[in-house]
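# Chain and residue survey
If you want the building blocks of each chain, they are given just below.
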Amino acid sequence: MYDESVRLLRYVVLELALVVAGLAALGLVVVKGTAAISRRVDASHRDKLSSLYPVRGAPTTAPEPQVTGDGGGTFLGMSDDLLLARLRSAPIKRAKLNRGGSSLSFRFDLADGSRAAWKPAQTNLQTIPRKEVAAYRVSRLLGLNGVPPAVQRAVTREELYRHLHPESQPFLPRIRAETLFNPQGTSIGTAMYWIPEIRDAGLDTAEGIQRSTAWVKIGTEIPEAERGLAAQFSDLVVFDFLIANPDRYSGGNIKMSPEGDRLYFMDNTMAFFLMPEGHAKNRSWLDRTQRYSARLVRALARVTEPTLQRLLGPDIDGQDILTLSEIRAVIARREFVQRHVSSLVALHGEANVLVFP
């Protein structure tokens, strides 16, 4: 119990430190209370954020798409709509606690034969499930398909405990201590498509960093066999900066297909901080990236406040997927990326910067 308490305190301090850093950059005051920090900033804070970072006119370099953010794409050759329907409502047959992570995550075996990863509302503040849904919807808005389909799913205490795998029964005290249930006995978590087989990409090791840095540096040769992977890595750098996800580079969080030809943009619950110029980790990767996808750069124009409010508004619990302050921080980071790419184009020429389709 002591070790668990110390570990929880450490993560609380980490989350508070990151939030304080973002709010300090904006001259804001931290709202007291865990729920307030993770869910909202009060009206006066939102007004101040708006005045410091007013929303400019939407760029016109790309048309506004008809995007719902809740389907319409594909993942591993399957329709997002099909996968989301399963994730949202297929009955649970078995729930098994995933081992090795610092936060709670389960593998659900569903009645239709499919599987889902489910992250409940929990005391571990580095895992905020709604942000996984936000990352999925933002990725589809940008035309990216590296994030597995994700949707909010409510699971009752009785349902979770009744279907718990026998191997997970010894961890029931931890599950009870860390899972957050509302007064109705329900945990509002996020269900994600379970990718059957993944492996570590190794791109955050010393050798991997050297390899990936060469891919995105002007003037270096990209082996033809690695060009597709290089383009995906460049997209990942932009995506992670946009959603402010520093956890990608904490070790072992860059996953890929067994064949090594596809990157998966997984584990996005520690993201969307109030940092208009991005987290330092993400900014360092953006700074060293000089080659980009022309398609993705054009798609950045789709990231507007009205579109994000539509995509990330109230969900099954009546709460917004992202707060207005979080959305406006995304807009500020989008503008930061656009300025960065424009400056590179001015220095090196468009043909040397927008090298990927």
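What counts and what doesn't
- Residues numbered from 1 in each chain as written.
- Predicted model: local features only at pLDDT ≥ 70, side-chain atom pairs only at ≥ 80, totals over all residues.
- Heavy atoms only, no water.
- Axes fitted to C-alpha atoms, helices over the stretch in contact; angles between N-to-C directions.
- Helix = DSSP H or I, 4+ residues; strand = E, 2+ residues; numbered from the N terminus.
- Parallel < 35°, antiparallel > 145°, perpendicular 65-115°, else oblique.
- Left-handed = near helix turned anticlockwise from the far one by under 90°.
- Contact = heavy atoms within 4.5 Å.
- Nonpolar A, V, L, I, M, F, W, Y, C, P; charged D, E, K, R; others polar.
- Buried < 20%, exposed > 50% of the residue type's maximum accessible area, 1.4 Å probe, protein only.
- Pairing = 2+ DSSP bridges.
- Expected span 1.5 Å × (residues − 1).
- Core = buried A, V, L, I, M, F, W, Y, C linked by side-chain atoms within 4.5 Å.

Moving on, we get to the packing of helix H9 (residues 227–243) against helix H10 (residues 280–288). Axis separation between H9 and H10 bottoms out at 9 Å; the angle between their running directions is 140°. In terms of orientation, H9 lies oblique with respect to H10. At the point where H9 passes H10, the crossing takes the left-handed sense. Here Phe233, Val237, Asp240 and Phe241 of H9 come into contact with H10, specifically with Asn282, Arg283, Trp285 and Leu286. For the contact of H9 with H10, the per-class residue count stands at five nonpolar, one polar and two charged.

Quick look at the pairing of strand E4 (residues 106–110) now. With five of five residues buried, E4 lies mostly within the body of the structure. Along E4, one buried face is formed by Phe106, Phe108 and Leu110 and the opposite face, lined by Arg107 and Asp109, is buried too. Here strand E3 (residues 92–97) runs beside E4; their pairing, made up of five bridges, is antiparallel. Within E4, the position partnered with Arg94 by the bridge is Asp109. As paired strands, E4 and strand E5 (residues 115–119) are joined by four bridges and run antiparallel to one another. Bridged to Arg107 within E5 is Ala117. Where E4 hands over to E5, the hairpin turn is made up of four residues, of which Gly113 adopts a positive phi near 95°.

In this section: the pairing of strand E7 (residues 186–193). Most of E7 is tucked away: seven of the eight residues are buried. The pairing of E5 with E7 spans four bridges and is classified as antiparallel. Bridge pairing links Lys119 to Thr190 in E7. Note that strand E6 (residues 150–156) and E7 share seven bridges and pair antiparallel.

With that settled, consider the side chain of His340. By the element assignment, His340 lies in helix H13 (residues 324–348). Not counting residues up to four positions away in its chain, the partners in contact with His340 are Leu286, Asp287, Thr289 and Tyr292.

To continue, consider the sheet that holds E4. A sheet is described by the order of its strands in space; here five strands give the open sequence E3-E4-E5-E7-E6, paired in antiparallel fashion. The open sheet is flanked by E3 and E6, the only strands paired with a single partner. For this sheet, the mean inter-axis angle between neighbouring strands, taken without regard to orientation, is 35°. Where helix H4 (residues 80–89) meets the sheet, its contacts fall on E4, E5, E6 and E7, and the angle it forms with E6 comes to roughly 15°. Packed onto the sheet, helix H5 (residues 130–141) meets E5, E6 and E7 and runs at close to 155° relative to E6.

Turning to its location among the elements, Leu97 is positioned in strand E3. By relative accessible area, Leu97 is classed as buried at 5%. Residues Leu97 and Ser168, 71 residues apart in the sequence, show an inter-C-alpha distance of 5.8 Å. Here Leu97 is in contact with Leu104, Ser105, Phe106, Ser168, Phe171 and Arg174, once residues within four sequence places are set aside.

So, on to the sheet that holds strand E8 (residues 199–200). With antiparallel pairing, the three strands of this open sheet are ordered in space as E8-E9-E10. At either margin of the open sheet sits one strand with a lone partner, and together these are E8 and strand E10 (263–264). Where E8 lies against strand E9 (residues 255–256), two bridges are found, and the strand directions are antiparallel. When the bridges of E9 are listed, Asp200 appears paired with Lys255.

Let us look at H9. In this model H9 runs 25 Å from its N-terminal to its C-terminal C-alpha over 17 residues, within 8% of the 24 Å that 1.5 Å per residue would give. Counting buried positions along H9 gives 14 out of 17 residues, so the element sits mostly inside the fold.

Attention shifts here to unusual backbone geometry. Generally, phi is negative for residues other than glycine and the peptide bonds are trans, each holding for most cases. Phi angles above zero are rare outside glycine, and Asp267 is one such case at about 60°. Looking at the element boundaries, Asp267 is found in the loop between E10 and H10. In the Ramachandran plot, Phe272 falls in the positive-phi region, its phi being about 60° despite a non-glycine side chain. By the secondary structure assignment, Phe272 is in the loop between E10 and H10. By relative accessible area, which is 1% here, Phe272 ends up buried.

With their axes 8 Å apart at the nearest point, H9 and H13 run at an angle of 145° to one another. Mapping the contact onto sequence places Val238, Phe241, Leu242 and Ile243 in H9 and Val330, Arg333, Arg334, Phe336 and Val337 in H13. When the residues that make up the contact of H9 with H13 are grouped by side-chain class, the tally is seven nonpolar, no polar and two charged.

Here we take up the nonpolar core. For soluble globular proteins, nonpolar side chains are generally found buried alongside one another. Counting 82 residues, the largest nonpolar core has Phe108 and Leu142 as its most contacted members. The dominant element in this core, judged by the number of residues it contributes, is H9, at 11 residues. Not counting residues within four places of it along the chain, the set of residues in contact with Phe108 comprises Ile92, Arg94, Ala95, Ser114, Arg115, Ala116, Trp118, Val155 and Leu160.

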